[in-house]
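Listed below, chain by chain, are the residues.
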Amino acid sequence: MAVLKVKFTKTKRDKLAQILWILNWVSVVSGIILFSLGLFLKIEIKKRNEVMAKGDINSVPNMLISVGVIACIINFLGGKICYDCSDANKFSRWKLVMLPYIVCTFCFTFCILVGALMCYTMKNELEESLYLGLRDAIKFYKDTDIPGRCFLKKTVDLLQIGFHCCGNNGFRDWFEIQWVSARYLNMASKEVQDRLKSNVDGKFLVDGVPFSCCNPSSPRPCIQYQLTNNSAHYNYDFLTEELNIWVKGCREALLDYYSSIMRSIGIAALLIWLFELSVLIGVRYLQTAMKNVLLLGDLEGESDGWLLENSFVETAKYNISIIKNLGKANQISTVSGMNDPNINVQNTDCGKTNVTTKSIPAAR
């Protein structure tokens, strides 16, 4: 029994073909939107790839870009097919193409769904990439004279200013690394020597942060050094002075930023998937209705259209049996009692045979 069978008159078939022609062109626009969203996300990730570790974070934008290009191609072809389906004579040349087209479009719409879900599932990969990338960027903050690292100070400073953040997890991350270059330290100073000797690794560690951690909205001048020493500053309590420096870590700030972008892209991709799925259902009804009207032979009469010719269970069993028999087409049966079709075939005698030839009379 057919699933969701609908009866179509010629007028309904023509209207359905015209509507689907318009919707396919709208789908081309949706493909351009998907491509643009993927390109935008890729550019945003590339802007800050210096503070991100290498990983699979580009898989989502790459997939959206690919799906967007495929959407434009498939829906352009779908618009041409639906336009020709308004004429039964023109439909005959697309009759064999329609079913493969529907199957390919179904796989394509499934890819859109996967891309939309990936926007919500890549948060862990993104967080790990940011954690490792920011950790290395902060570690090399002082290396302004080393090729390949000289730009990291500017990158981290602009990041902390732009996203109102400080450190990887927080401002205390700067206490654990030497972020002041040795070329700017007075090695003859006793204070510097004492700090270098007090650390096992011989690093110059201070309870201070770079200037980019300062909050310009603070009512007092920014305190960069001895942040946890209340007695070093007048009328100061580091536990309550939240406005002095940014307290949020850059990993959290960037993760919130990218999560909001991917959440919006995911919603847009889901809406496009629902739209593409509705167009695909309409194309399936049009294909079956036009196919049946050709079988009936009455181009002006009514015809049935459906999503599946048989029930879901029967269709699933049929497809499973096809998959199981894919590798058996070229196999020779070895079951007892089954003969090889090439056995006991009489061979044609290609040798000489005793053919009576007509004698040629001798010339007189």
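To be clear, the structure that these remarks concern was listed above.
Since the structure is predicted, the reported quantities are computational estimates derived from the model, not experimental observations.

Draft legend 1. Main features of the state of the cysteines. A complete count under the given rule lists three disulfides for this structure. The disulfide that involves Cys-166 links it to Cys-213, with 2.1 Å between the sulfurs. Here the disulfide of Cys-166 and Cys-213 is right-handed, its torsion about the S-S bond being about 85°. With Cys-166 in the loop between helix H6 (152–163) and helix H7 (190–198) and Cys-213 in the loop between H7 and helix H8 (250–296), this residue pair connects regions lying 47 residues apart in the sequence. The pair formed by Cys-166 and Cys-213 is uniform in burial state, with each residue classed as buried. The disulfide bridge from Cys-214 ends at Cys-222, spanning 1.8 Å between sulfur atoms. Taking the sign of the S-S torsion, about -80° here, the bridge from Cys-214 to Cys-222 comes out left-handed. Across the chain, the way the bonded cysteines pair up, counted in sequence order, is 1-6, 2-3, 4-5.

Draft legend 2. A look at the pattern of salt bridges. This structure, assessed with the given rule, holds twelve salt bridges. With its nearest N and O atoms 2.9 Å apart, the salt bridge here joins Asp-157 to Lys-153. Placement of both Asp-157 and Lys-153 in helix H6 is noted, with a separation of four residues, approximately one turn of the helix. In this structure Asp-157 comes out as buried when scored by relative accessible area, which is 5%. Take Lys-153: its relative accessible area is 30%, and that puts it in the partly exposed class. One network of salt bridges, in which partners are shared, links Glu-44, Lys-47 and Arg-48.

Draft legend 3. Examining the packing of aromatic side chains more closely. One pass over the structure, following the stated rule, counts nine aromatic pairs. Between the aromatic rings of Tyr-141 and Trp-179, the centroid separation amounts to 6.3 Å while the plane-to-plane angle is 70°, which identifies the pairing as edge-to-face. Residue Tyr-141 is found in the loop between helix H5 (123–139) and H6, and its partner Trp-179 is found in the loop between H6 and H7; the two are separated by 38 residues along the sequence. By relative accessible area, Tyr-141 is classed as buried at 3%. Aromatic side chains Phe-171 and Phe-175 sit 5.8 Å apart centroid to centroid with 75° between the ring planes, which places their arrangement in the edge-to-face category. Among the aromatic residues, those joined into a cluster by ring pairs are Tyr-141, Trp-174, Trp-179 and Tyr-225. The ring centre of Phe-140 lies 3.8 Å from the NZ or CZ of Arg-149, which sits over that ring.

Draft legend 4. Main features of the side chain of Arg-13. Topologically, Arg-13 is positioned in helix H1 (residues 10–47). With no salt bridge to any partner, buried Arg-13 finds its closest opposite charge in Asp-14, at an N-O distance of 5.8 Å. Aside from chain neighbours lying at most four places away, what touches Arg-13 is Phe-8, Leu-286, Ala-289, Met-290, Val-293, Leu-299, Glu-300, Gly-301, Glu-302 and Ser-303.

Draft legend 5. Representation of the packing of helix H2 (residues 59–84) against helix H4 (residues 95–121). Direction vectors running N to C along H2 and H4 enclose 150°, while the axes themselves pass 10 Å from each other. Judged on the interaxial angle alone, H4 and H2 are roughly antiparallel. The two elements H2 and H4 cross, and the hand of that crossing is left-handed. Here Ser-59, Val-60, Met-63, Val-67, Ile-70, Ala-71, Ile-74, Leu-77, Gly-78 and Ile-81 of H2 come into contact with H4, specifically with Met-98, Tyr-101, Cys-104, Thr-105, Phe-108, Cys-111, Ile-112, Val-114, Gly-115, Met-118 and Cys-119. Class assignment of the residues belonging to the contact of H2 with H4 gives a composition of 17 nonpolar, four polar and no charged.

About the thresholds
Residues numbered from 1 in each chain as written. Predicted model: local features only at pLDDT ≥ 70, side-chain atom pairs only at ≥ 80, totals over all residues. Heavy atoms only, no water. Disulfide = S-S within 2.5 Å. Helix = DSSP H or I, 4+ residues; strand = E, 2+ residues; numbered from the N terminus. Buried < 20%, exposed > 50% of the residue type's maximum accessible area, 1.4 Å probe, protein only. Salt bridge = Lys/Arg side-chain N within 4 Å of Asp/Glu carboxyl O. Phe/Tyr/Trp six-rings, centres within 6.5 Å; stacked < 30°, edge-to-face > 60°. Lys NZ or Arg CZ within 6 Å of the ring centre and 35° of its normal. Lys, Arg positive; Asp, Glu negative; His and termini not counted. Contact = heavy atoms within 4.5 Å. Axes fitted to C-alpha atoms, helices over the stretch in contact; angles between N-to-C directions. Parallel < 35°, antiparallel > 145°, perpendicular 65-115°, else oblique. Left-handed = near helix turned anticlockwise from the far one by under 90°. Nonpolar A, V, L, I, M, F, W, Y, C, P; charged D, E, K, R; others polar.

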